[in-house]
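Summary of structural features
Chain residues, written in single-letter form:
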Amino acid sequence: MAAQPQNRAGPGILFVLAGVFAISINDMLIKQLSGGYPLHEIVFLRSGIGILFSLIMVQMEGGWHILKTRRPILHIVRGMLIVIANMSYFVALAAIPLADATALFFAAPLFITVLSIPILGEKVGIIRLIAVFIGFVGVVIMQRPWADAETLQASRFILLLPLLSALTYALNQIMTRKLGVESKASALSIYIQATFIVVSLGFYLVAGDGRFADNTDNASMLFLLRAWVWPSPADWWIMLGLGANAAIIGYCLSQAYRLADAATVAPFEYVGLPLAVFWGWAVFAELPVWEVWAGIALILGSGLFVFLRERQKASIIARAPIRRR
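Before going into details, it helps to say that this report is about the structure given with it. Since the structure is predicted, the reported quantities are computational estimates derived from the model, not experimental observations.

This next bit is on the overall build of the protein. Across its full length, the protein carries 14 helices and 0 strands. Listing each helix as α and each strand as β along the protein from the N terminus yields α-α-α-α-α-α-α-α-α-α-α-α-α-α. The proportion of buried residues among the 325 residues of the protein is 52%. Counting only contacts in the protein whose residues sit at least 6 apart along the sequence, the fraction spanning at least 24 positions is 86%. If you sum the accessible surface of the protein, you get close to 15500 Å²; carbon and sulfur atoms cover 70% of it.

The next point concerns the nonpolar core. Counting 75 residues, the largest nonpolar core has Val16, Leu39, Ile42 and Tyr169 as the members making the most contacts within it. Ignoring any residue separated from it by four or fewer positions in sequence, one finds Val16 in contact with Leu253, Ala256, Tyr257, Val265, Phe268 and Glu269. With 5 residues, the next largest nonpolar core counts Ile51, Val58, Ile66 and Ile197 among its residues.

Within an α-helix, residues lying three or four positions from one another point in the same direction, as the helix has 3.6 residues per turn. In a regular helix each residue adds 1.5 Å, so 13 residues correspond to 18 Å; helix α13 (residues 272-284) covers 17 Å between its end C-alpha atoms and thus fits that length. Residues of α13 that are buried: Gly272, Leu273, Leu275, Ala276, Val277, Trp279 and Gly280. Phi turns positive, to about 55°, at Ala285, one or two residues after α13.

This brings us to unusual backbone geometry. One non-glycine residue, Ala285, lies in the positive phi region at around 55°. Structurally, the position occupied by Ala285 is in the loop between α13 and α14 (290-319). A residue is classified by how much of its surface remains accessible, and Ala285, at 68% relative accessible area, is exposed.

Below, the discussion takes up empty space enclosed by the protein. By the definition in use, this model includes 2 cavities of 30 Å³ or more. In this structure, the largest cavity occupies an estimated 500 Å³ of space. The wall of the largest cavity is formed by 33 residues, among which Ile23, Asn86, Tyr169, Ile249 and Leu253 lie closest to the centre. The set of elements that each furnish at least two residues to the lining of the largest cavity consists of α1 (9-33), α3 (72-93), α4 (98-105), α8 (156-179), α9 (185-207), α11 (233-259) and α13. Per-element accounting of the lining of the largest cavity gives the leading share, 6 residues, to α3. Looking at the lining of the largest cavity residue by residue, the classes come out as 17 nonpolar, 12 polar and 4 charged.

The next point concerns the packing of helix α2 (residues 39-60) against α9. Contact geometry of α2 with α9 gives a least axis separation of 8 Å together with a crossing angle of 155°. Here α2 lies roughly antiparallel to α9, going by the angle between them. Every pair of crossing elements has a handedness; the one defined by α2 and α9 is left-handed. Looking at the contact of α2 with α9 residue by residue, the classes come out as 15 nonpolar, 9 polar and 1 charged.

Let us now look at the packing of α2 against α11. Interaxial distance between α2 and α11 falls to 7 Å at its minimum, and their mutual angle equals 55°. Viewed along their axes, α2 and α11 adopt a mutual orientation that is oblique. Every pair of crossing elements has a handedness; the one defined by α2 and α11 is right-handed. Across the interface between the two elements, Ile42, Leu45, Arg46, Ile49, Gly50, Phe53, Ser54 and Met57 of α2 pack against Trp236, Met239, Leu240, Leu242, Gly243, Ala244, Ala246, Ala247 and Tyr251 of α11. Its residues assigned to classes, the contact of α2 with α11 comprises 13 nonpolar, 3 polar and 1 charged.

Our focus in this paragraph is the side chain of Ser186. The topology assignment puts Ser186 in helix α9. Here Glu61 takes part through its side chain, which lies 2.7 Å from a polar atom of the side chain of Ser186. Apart from residues lying up to four places away in sequence, Ser186 is in contact with Ser54, Met57, Val58, Glu61, Ile66 and Tyr251.

What follows deals with the side chain of Glu61. Tracing the sequence through the fold places Glu61 in the loop between α2 and α3. Ignoring anything within four residues of it in the chain, the contact list for Glu61 reads Ile66, Lys184, Ala185, Ser186, Tyr251 and Gln255.

What the rule picks out here adds up to 11 aromatic pairs. Here Trp230 and Trp236 contribute two aromatic rings whose centre-to-centre distance is 5.4 Å and whose plane-to-plane angle is 65°, an arrangement assigned as edge-to-face. Each residue in the set Tyr89, Phe90, Phe105, Phe106 and Tyr169 is aromatic and connected to the rest through ring pairs, giving one cluster. Sitting above the plane of the Phe284 ring, Lys31 keeps its charged end 5.7 Å from the centroid. When the ring centre of Phe196 is taken as reference, the NZ or CZ atom of Arg46 above it lies at 5.3 Å.

About the cut-offs
Residues numbered from 1 in each chain as written. Predicted model: local features only at pLDDT ≥ 70, side-chain atom pairs only at ≥ 80, totals over all residues. Heavy atoms only, no water. Helix = DSSP H or I, 4+ residues; strand = E, 2+ residues; numbered from the N terminus. Buried < 20%, exposed > 50% of the residue type's maximum accessible area, 1.4 Å probe, protein only. Contact = heavy atoms within 4.5 Å. Areas by Shrake-Rupley, 256 points an atom, 1.4 Å probe, with all protein chains shown as cover. Core = buried A, V, L, I, M, F, W, Y, C linked by side-chain atoms within 4.5 Å. Expected span 1.5 Å × (residues − 1). 1 Å grid on protein atoms, 1.4 Å probe; cavity = no way out; pocket = protein on both sides within 12 Å on 5 of 7 lines; lining within 4 Å. Points joined across faces, edges and corners; volume = space filled by probe spheres on them. Nonpolar A, V, L, I, M, F, W, Y, C, P; charged D, E, K, R; others polar. Axes fitted to C-alpha atoms, helices over the stretch in contact; angles between N-to-C directions. Parallel < 35°, antiparallel > 145°, perpendicular 65-115°, else oblique. Left-handed = near helix turned anticlockwise from the far one by under 90°. Polar contact = N/O pair within 3.5 Å; in protein donor to acceptor, adjacent residues only side chain to side chain. Phe/Tyr/Trp six-rings, centres within 6.5 Å; stacked < 30°, edge-to-face > 60°. Lys NZ or Arg CZ within 6 Å of the ring centre and 35° of its normal.

Nothing here speaks to function; it is all geometry.
Now the structure itself:
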């Protein structure tokens, strides 16, 4: 009989909280580096260092044999989804405030909750679906469809990139839930890091000399296409921290979504919203405009409501008497 997904909510939630904190550090450091290095160089160095840490975790979880898989194509698809999620998000991050990009990205838990119904067959009640709808209203408010380009300080295309990131990230985590039945978290992390390395090397071969960046002054395109440069001694420490952090993120999120239902774990990713506001204020002296605050409030409110509703429902079921048949 085929192995069934686990549903250990407590450990899953702890792992997703640790992963989200690591993501907030990762985003802050990459935004700091975005003015001097190309994105594909940062990704290559981060993943190259991160895969070394992940290999240590592979040994701790069972050794080299756990890297074998019967579903290599699905792992490649999962890897490409997270590459698209990361690249689109970081390209946007170079042009818009950290809190804005993070808030827009937080459509991801909403996508995960909705997609877990048709793809994983998980049950999501009407109350939770209404809460998800309210969260999407918050996303629309943050997009500010009534504002002109000058007011937005970024093109509509750039503002849509975090939503593309959110959708591909959600699909990635849904696949993590399916593949995690047979694969350890450290192996899932290795596959992701390897995909990042291959894609970033491909970017280097095509655009690593910076020839496509000569005719643009757009911050996002410069971050994507500028030439590779040798990191300064101080920045090497940041790159090393990014690499270690990448291993933590890959392991913790893979572990979270293989241990617990996607719709249970996903709302706890909202912790990243206040963390992004904090780092944006503390490091970049940025605070969100009122529309972003309103969107954050709606998304956080819907996420907390879903959590409290599901906990109440689980408590009622646990107290209900068992009927004899």
